[in-house]
Amino acid sequence: MTTVVTSPLPTSDALRTRVREAMTAVGAQVPLGDPNAGGVTASSPINGDVLFTVAESTPDQVDAAIAAAAEAFATWRTTPAPVRGALVARLGQLLVEHKEEMASLVTIEAGKITSEALGEVQEMIDICEFAVGLSRQLYGKTIASERPGHRLMETWHPLGVVGVITAFNFPVAVWAWNTAVALVCGDTVVWKPSELTPLTAIACHALLARACADVGAPEGVSQLVQGGREVGERLVEDHRVALLSATGSVRMGRQIGPRVAQRFGKALLELGGNNAAVVTPSADLDLAVRGIVFSAAGTAGQRCTTLRRLIVHSSIADELVSRIVSAYAQLPVGDPSADGTLVGPLIHETSYRDMVGALQQAAAEGGTVVGGERVDVGDEGAFYVRPAVVRMPAQSEVVHLETFAPILYVMTYETLDEAIAMNNAVPQGLSSAIFTLDVREAERFLAADGSDCGIANVNIGTSGAEIGGAFGGEKETGGGRESGSDAWKAYMRRATNTVNYSSELPLAQGVHFG
Ligand code: UN1
């Protein structure tokens, strides 16, 4: 039996009060409209109600935001990188000071449980720290020249205005991955957050504006525009946007990628995932169950890194599934802001309908569904579900789809080759994992003919990556890399420089000319 931990849910008035308190604490001055006014509606999946409205950016405002970012770029790009780092350091400090208020906004707008919302803000703090260090390490290479008296090197320079389009499920961290790195790289940013999370965006932006004022950086380095597809399209089409970094569905990426390429802009795409974990006979099942349950049911299945497919050796499948099912039965579902809740709401009704549709299709394709029911929280407008485990006879059509909800499809395998082939058989290639205590199996999974994903883990789940690594995936996931490692290179332009300090002019490749 699932325990619903909170009844009744907080009222809309209580949620509005929490929003006002958090916004005031972070210094966000933006007036929030009446829930019935037009514009971008700020609702909460906690109870499904519209809490406020936020003005949608007009085409002129989007144009002005891009122009202001382009203007700020002219001075920001020549500001020394460690000085740019000081801005990001200040942003990081402000995030530390306001961690709880920011997390509370994430919980209200995205429905994340408190611990995960705090984790998301921590992810912002972490990337700020990383970017500050990076601000002293934007290094190029010196390469041995084939010519005497010549120096051959690479230098990295700021790229320009970076357009950032983010999704509802990581309403603040993904902005921070892009913005912290872009700012130290000398770029300026125009951000279009998800229409579902306008408030967290206003709060982030207010903190960055404060950081700019505190360190004397031009406020124009960061711009916020609000709205839906049309607003995003302006960023996609505008030649002043040198890099468009977009997180969202494969469908969205298919539209954005070619259009940015058409104008020879750069695109960094972080699209869907359909992540699998392979569990081999040698696996530590206690550890595997914990990793699987967090990855599959955490964030109510709404991470792009969520574990959606379990590929388990036939000899341990029954035991593993029964342990997962009993762990699921103990997951408290309900108000994400209440202590003890582990599974919060789906973002909206469409998500719930998609989940119902996928489970029906899975059953039609021969699947056995456990869980997946809607949980009654006493509010018709909110969509809470029990995470579902579905035993599938094979990896059929529905398993190839990414349904943004807590559905874990379980399939069995006999040989590791077969398991790896199943891992790689979906169109997306974001994250993957293997649970094994056999070093040969682990290494095989990570090898060139192993997992084809951008992330491949051993003995941890598919979600919850640290910021220090590059984040992103292959195939329909879009190929982009954000966050740590050398992902910064996507935010800069590279120049190859050859300096001749001799008094001769030897040509490369031994060419003689005159
Ligand atoms: C996303 O869902 O778009 O690895 C990002 C994770 C998080 C980021 C997820 N650090 O699950």
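Residues numbered from 1 in each chain as written. Predicted model: local features only at pLDDT ≥ 70, side-chain atom pairs only at ≥ 80, totals over all residues. Heavy atoms only, no water.

## Side note on the side chain of Arg84
Here is step 1 of the chain: By the secondary structure assignment, Arg84 is in helix H3 (residues 81-97).
Here is step 2 of the chain: Despite its burial, Arg84 pairs with no opposite charge; the closest candidate is Asp187, at 7.5 Å N-O.
Here is step 3 of the chain: At 3.3 Å, the side chain of Arg84 forms a polar contact with the backbone oxygen of Arg77.
Here is step 4 of the chain: Filtering out sequence-adjacent residues up to four positions away, Arg84 remains in contact with Trp76, Arg77, Thr79, Leu138, Pro158, Leu183, Val184, Cys185 and Gly186. (Helix = DSSP H or I, 4+ residues; strand = E, 2+ residues; numbered from the N terminus. Buried < 20%, exposed > 50% of the residue type's maximum accessible area, 1.4 Å probe, protein only. Lys, Arg positive; Asp, Glu negative; His and termini not counted. Salt bridge = Lys/Arg side-chain N within 4 Å of Asp/Glu carboxyl O. Polar contact = N/O pair within 3.5 Å; in protein donor to acceptor, adjacent residues only side chain to side chain. Contact = heavy atoms within 4.5 Å.)

## Re the sheet that holds strand E5 (residues 161-165)
As a general point, the strands of a sheet are linked pairwise by backbone hydrogen bonds and lie either parallel or antiparallel.
Here is step 1 of the chain: The five strands lie next to each other as E7-E6-E5-E8-E9, forming an open sheet whose pairing is parallel. Lying at the two open borders of the sheet, with one neighbouring strand each, are strand E7 (222-224) and strand E9 (266-270). Taken pair by pair, the neighbouring strands of this sheet meet at an average axis angle of 15°, ignoring direction.
Here is step 2 of the chain: Note that strand E6 (residues 188-192) and E7 share three bridges and pair parallel. When the bridges of E7 are listed, Val189 appears paired with Ser222.
Here is step 3 of the chain: Against the sheet, helix H2 (residues 59-76) contacts E5, E6, E7 and strand E8 (241-247), and its axis sits at roughly 155° relative to E6. (Pairing = 2+ DSSP bridges. Axes fitted to C-alpha atoms, helices over the stretch in contact; angles between N-to-C directions.)

## A word on unusual backbone geometry
Here is step 1 of the chain: The phi dihedral of Thr299 is positive, around 55°, even though this residue is not glycine.
Here is step 2 of the chain: Within the element layout of this structure, Thr299 appears in the loop between helix H10 (285-297) and strand E11 (307-313).
Here is step 3 of the chain: Exposure remark for Thr299: the relative accessible area of 10% places this residue in the buried category.
Here is step 4 of the chain: Residues other than glycine seldom take positive phi values, yet Ser483 does so here, at roughly 75°.
Here is step 5 of the chain: Looking at the element boundaries, Ser483 is found in strand E22 (residues 482-483).
Here is step 6 of the chain: Look at Ser483 and you get buried, because its relative accessible area is 2%.

## Focus on the UniProt feature "active site" (unreviewed entry) in the chain
Here is step 1 of the chain: Mapped onto the present numbering, the UniProt feature "active site" (unreviewed entry) falls on Glu270.
Here is step 2 of the chain: Residue class for Glu270 comes out buried when judged on its relative accessible area of 2%.
Here is step 3 of the chain: Every residue in contact with Glu270, bar those within four places of it in the chain, is listed here: Trp177, Ala246, Thr247, Gly248, Cys304, Leu430, Phe471, Thr477 and Glu482. (UniProt positions renumbered as here; feature names shortened; annotations may be inferred.)

## Regarding the pattern of salt bridges
Here is step 1 of the chain: What the rule picks out here adds up to 21 salt bridges.
Here is step 2 of the chain: Between Asp13 and Arg16 there is a salt bridge whose closest N-O contact spans 3.0 Å. With Asp13 and Arg16 both in helix H1 (residues 12-26) and three residues apart, the pair spans about one turn of that helix.
Here is step 3 of the chain: On the basis of relative accessible area, Arg16 is assigned to the buried category, the value being 15%.
Here is step 4 of the chain: Residues Arg444 and Asp417 are paired through a salt bridge, measuring 2.4 Å at the closest nitrogen-oxygen approach. Of this pair, Arg444 sits in helix H14 (residues 439-446) while Asp417 sits in helix H13 (residues 416-423), placing them 27 residues apart in sequence.
Here is step 5 of the chain: According to the relative accessible area criterion, Arg444 is partly exposed, its value standing at 23%.

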